[in-house]
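Summary of the model geometry
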2 protein chains.
Amino acid sequence: MLSPHLSTVTGPVSISAVADHAGVSVATVSRVMNDQQGVRPKTRDKVLLSVAALGYRMNHLARNLRTAESRMLLTMVPDVGNPFYAQILRGIDTVAREHGYFVLLCDTGADEGRERSYFDLLRMHRADGAICLDPDTIQHALANEAATLPWVACCEFDPAMPVPYVGIDNRRAAADAVGHLLSRGHRRIGLINSDERYSYARQRQLGYMDALAGADLDARPQWRRTVQSLDYEAGAAAALEMMAQPDAPTAIFAVSDTLAIGVLSGLRQLGKRVPEDVAVIGFDDIAVAAQIDPGLSTVAQPMRALGETAARLLLQRLADPQIAVPGVLLDHQLVLRGST
Amino acid sequence: MLSPHLSTVTGPVSISAVADHAGVSVATVSRVMNDQQGVRPKTRDKVLLSVAALGYRMNHLARNLRTAESRMLLTMVPDVGNPFYAQILRGIDTVAREHGYFVLLCDTGADEGRERSYFDLLRMHRADGAICLDPDTIQHALANEAATLPWVACCEFDPAMPVPYVGIDNRRAAADAVGHLLSRGHRRIGLINSDERYSYARQRQLGYMDALAGADLDARPQWRRTVQSLDYEAGAAAALEMMAQPDAPTAIFAVSDTLAIGVLSGLRQLGKRVPEDVAVIGFDDIAVAAQIDPGLSTVAQPMRALGETAARLLLQRLADPQIAVPGVLLDHQLVLRGST
């Protein structure tokens, strides 16, 4: 209903007036205004000067779909500080640039108000589409506009929402991680989880429960901790708390590598050896997981492919707003290193 | 010369027509169009619907400076994957949001062409200003437009450019790092440096030389390595190469923590103990530097303050394009941990 088709009013200064003023062709002005390649810097400067002198404005709302594009895609992430998102962003950026789009990253802090502000850029046609990695609880609030605002969900998603998505099977992946700890003989397994606004946190808790139930083990609440941020310190603090109990776990599954690396640091403070005293497995396979000592066992997400797929889904959606864009699940992979 | 003052042409649909259509005040329409607070979601939706129905467009080039603002600031970084930038971004974002601006992050890959594309968003008034962390060799190409395009330099800068900047004294900071290694008795000190498009790389090499010269030591070329990326693997590979030589260094200064963590990993592969066989010092003090074992000694940059200051300089520049915005140097700090 906010489609660019609605309006046909044109501006008072025509594109051909700009072309005449600058002494170039209309096609050249169009190329400049649409940020396309193949215009020499000198020519572009001349065009932009004429644009300014004449007050020419592109008619953002009246242009047809193709030329109305801002050529900007937004990517909304809850925390640019988490290295997990960096590889995903690279994937998004690669595909977007191949198709002549800019990617702009929005650090939302998983805050619904900030999320809405960035979505306003879509509403006002200052960006063409968005890829959202924020909690699915926030996504729900925006799903009712999915028909008019082109966005796709990445990593966080709810298959019941009318929004294209890409992610992994978080429940099965978590069960695989805990299954690996069980196969190493552990029976007291702790879970350090993100807050439950995230569907991945809820799914991974279910997977943890599945694996324990499959081994006929109780899932004791005192072996579960929820953290409000995924930073290293949060992981260390949760590990210290968890290990202070009688009957403390002999293995810990943390739902992000940043938390797991913090757990390793917390265990070191307690003088616990990894993996001899306590085994640790993380999630994501961020670059530093392979660098530390001991190396961190983890569930690898195909981060680059997640980003590339999200960008492709969004481009499909932009090319044809009526198309039924599918949800896509990619494969995860257990990566075993010294920590287990 | 591309100042928004130049043109006074107004659009065919007035803001008051939109206000009438939506049944709200002109001030409310203005608030919505300028992404300002204090409009109820329902009202905002009504306004945006009227905007679409009537084809109203804000006159980006004709409006006065204050209302012509897009409320978007760009931050250009060479590699979103380096955790160093995450804290800086948080600082930028905090100050920008306090002043009602969106921050959009541009991952340039330190590529001049991509940098220019993003600067086109400034030229076309689709963003109000930019903070650039890309190599000063790229910045030079854009410095001649600094009078018309509001941007500031952060971390990378050349005091000779007519561009506001914030950073640290990289030469002195590097000399401090190497001075610390000298104080621990090391005489064969290796340098793993970034490529010399970066002024920080050139400055830190000078600081390394200063410190060696101050101790009457030769700076042997075979103890220096230049890497083309700052990722962990590059640091590990450089360390393996450097240690394969006869007369290998007993201490290594790497110009980023990511490289230094890679160096630790490379030394581990060689069976070298840190710091007993080889001491390692990094640069930046990214969060993970304190988590690993041994902890990484490093030169801490005030990352958050760098970002906050960059945003403040840019806001000053936007508030008064004629103002002489100063260059700012912030203090670094030596942080000593187990690796030295």
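Here's a quick rundown of the structure. The structure presented is a predicted model; accordingly, all values stated were derived computationally and were not measured. (Residues numbered from 1 in each chain as written. Chains lettered and ligands numbered in written order. Predicted model: local features only at pLDDT ≥ 70, side-chain atom pairs only at ≥ 80, totals over all residues. Heavy atoms only, no water.)

What follows is about the overall build of chain A. Looking only at helices and strands, one finds 11 helices and 12 strands in chain A. With respect to the principal axes defined by its C-alpha atoms, chain A has extents near 80 × 40 × 30 Å. Within the structure as shown, chain A displays about 12,900 Å² of accessible surface, and the carbon and sulfur contribution to it stands at 50%. Treating the 33 positive side-chain charges of chain A as one cloud and the 38 negative ones as another, the clouds have centres 6 Å apart. (Helix = DSSP H or I, 4+ residues; strand = E, 2+ residues; numbered from the N terminus. Areas by Shrake-Rupley, 256 points an atom, 1.4 Å probe, with all protein chains shown as cover. Lys, Arg positive; Asp, Glu negative; His and termini not counted. Charge placed at Lys NZ, Arg CZ, Asp CG, Glu CD.)

With that settled, the discussion passes to the pairing of strand β5 (residues 165-168) of chain B. Residue and element names in this part refer to chain B. With burial as the criterion, each face of β5 is covered, one bearing Tyr165 and Gly167 and the other bearing Val166 and Ile168. Sheet topology note: the strand β4 (residues 151-154)/β5 ladder contains 2 bridges and is parallel. Paired with Cys154 across the bridge in β5 is Val166. The pairing of β5 with strand β11 (residues 328-330) spans 3 bridges and is classified as parallel. Opposite Val166, over in β11, you have Val328 as the bridge partner. (Buried < 20%, exposed > 50% of the residue type's maximum accessible area, 1.4 Å probe, protein only. Pairing = 2+ DSSP bridges.)

Attention now moves to helix α8 (residues 199-214) of chain B. Residue and element names in this part refer to chain B. The end-to-end C-alpha distance of α8 is 22 Å, a good match for the 22 Å that 16 residues give at a rise of 1.5 Å each. Looking at α8, one finds that the buried residues are Ser199, Tyr200, Ala201, Arg204, Gly207, Tyr208, Ala211 and Leu212. Close packing links the buried residues of α8 with α6 (136-143), α7 (170-183), β6 (189-193), β7 (224-226) and β9 (279-284). Of the residues flanking the end of α8, it is Asp216, one or two places downstream, whose phi is positive at about 60°. (Expected span 1.5 Å × (residues − 1). Contact = heavy atoms within 4.5 Å.)

With that settled, consider the sheet that holds strand β9 (residues 279-284) of chain A. Residue and element names in this part refer to chain A. Strand order in this open sheet of 6 strands is β7-β6-β8-β9-β10-β12, and the pairing throughout is mixed. Each of the sheet's edge strands pairs with one partner strand only, and the pair in question is β7 (224-226) and β12 (333-335). Averaged over all pairs of adjacent strands, the angle between strand axes in this sheet comes to 15°, irrespective of strand direction. Pairing of β9 with strand β10 (residues 297-300) involves 4 bridges; the strand directions are parallel. Bridged to Asp284 within β10 is Ala300. (Axes fitted to C-alpha atoms, helices over the stretch in contact; angles between N-to-C directions.)

So, on to the pairing of strand β1 (residues 72-77) of chain B. Within β1(B), 6 of the 6 residues are buried, leaving the element largely enclosed by the surrounding structure. Taking the sense of rotation as the criterion, the β-α-β connection linking β1(B), helix α4 (residues 83-98) of chain B and strand β2 (residues 102-107) of chain B turns out right-handed. (Right-handed = clockwise from strand over helix to strand, strands pointing away.)

What follows deals with the nonpolar core. Among the nonpolar cores identified, the biggest contains 159 residues, and Phe253(A) and Phe253(B) are the most heavily contacted of them. Excluding residues within four positions of it along the chain, Phe253(B) makes contact with Ala174(B), Ala177(B), Val178(B), Leu181(B), Gly190(B), Leu191(B), Ile192(B), Ile281(B), Gly282(B) and Phe283(B). Val163(A), Leu122(B), Ala130(B) and Leu142(B) belong to the second largest nonpolar core, which has 48 residues in total. (Core = buried A, V, L, I, M, F, W, Y, C linked by side-chain atoms within 4.5 Å.)

Another point: the pattern of salt bridges. All names here are of chain B. Scanning all chains against the criterion turns up 33 salt bridges over all chains. Across the pair Arg197 and Asp195 runs a salt bridge whose closest N-O atoms are separated by 3.0 Å. With relative accessibility at 7%, the residue Asp195 sits in the buried group. The closest approach of N and O atoms between Glu308 and Arg304, which form a salt bridge, is 3.7 Å. With Glu308 and Arg304 both in helix α11 (residues 303-319) and 4 residues apart, this pair spans about one turn of that helix. Assessed through its relative accessible area of 21%, Glu308 is described here as partly exposed. Arg304 sits in the partly exposed class, given a relative accessible area of 37%. (Salt bridge = Lys/Arg side-chain N within 4 Å of Asp/Glu carboxyl O.)

Below, the discussion takes up the side chain of Arg317(B). Residue and element names in this part refer to chain B. Its place among the elements puts Arg317 in helix α11. The charged side chain of Arg317 is buried without a salt bridge, its nearest counter-charge being Asp320 at 7.6 Å. Ignoring any residue separated from it by four or fewer positions in sequence, one finds Arg317 in contact with Ala146, Ala147, Thr148, Leu149, Pro150, Pro164 and Val325.

So, about helix α6 (residues 136-143) of chain A. Residues and elements named next belong to chain A. Within the sequence span of α6, burial applies to Asp136, Ile138, Gln139, Leu142 and Ala143. Buried residues along α6 cover an arc of 150° about the axis, so they all sit on one side. Structurally, α6 contributes buried residues whose contacts are with α5 (112-123), β3 (129-132), β4 (151-154) and α8 (199-214). (Arc of directions from axis to C-beta.)

Right, let's talk about the packing of helix α5 (residues 112-123) of chain B against α6(B) for a bit. Residues and elements named next belong to chain B. Contact geometry for α5 and α6: axes closest at 11 Å, N-to-C directions at 40°. In terms of orientation, α5 and α6 fall into the oblique class. The crossing of α5 and α6 is right-handed. Contacts between α5 and α6 involve Glu112, Glu115, Arg116, Phe119 and Arg123 on the former and, on the latter, Ile138, Ala141 and Leu142. (Parallel < 35°, antiparallel > 145°, perpendicular 65-115°, else oblique. Left-handed = near helix turned anticlockwise from the far one by under 90°.)

Turning next to unusual backbone geometry. Residue Pro275(A) is reached from Val274(A) by a cis peptide bond, and omega for that bond is 10°. By the secondary structure assignment, Pro275(A) is in the loop between α10 (257-269) and β9. In this chain, Asp293(B) is followed by Pro294(B) through a cis amide linkage whose omega measures -5°. With respect to the helices and strands, Pro294(B) occurs in the loop between β9 and β10 (297-300). Residue Ala110(A) is not a glycine yet carries a positive backbone phi of 55°. Look at Asp247(B): it is not a glycine, yet its phi comes out positive at around 65°. Topologically, Asp247(B) is positioned in the loop between α9 (232-243) and β8 (251-254). On the basis of relative accessibility, which here comes to 41%, the residue Asp247(B) falls in the partly exposed class.

All names here are of chain B. Pairing is mixed across the open sheet formed by 6 strands, whose spatial order is β7-β6-β8-β9-β10-β12. The sheet is open, and its two borders are formed by β7 and β12 (333-335), each paired with just one other strand. Along the sheet, successive strands turn relative to each other by an average axial angle of 15°, direction set aside. Across 3 bridges, the pairing between β6 and β7 is parallel. Looking across to β7, one finds that Leu191 is bridged to Arg224.

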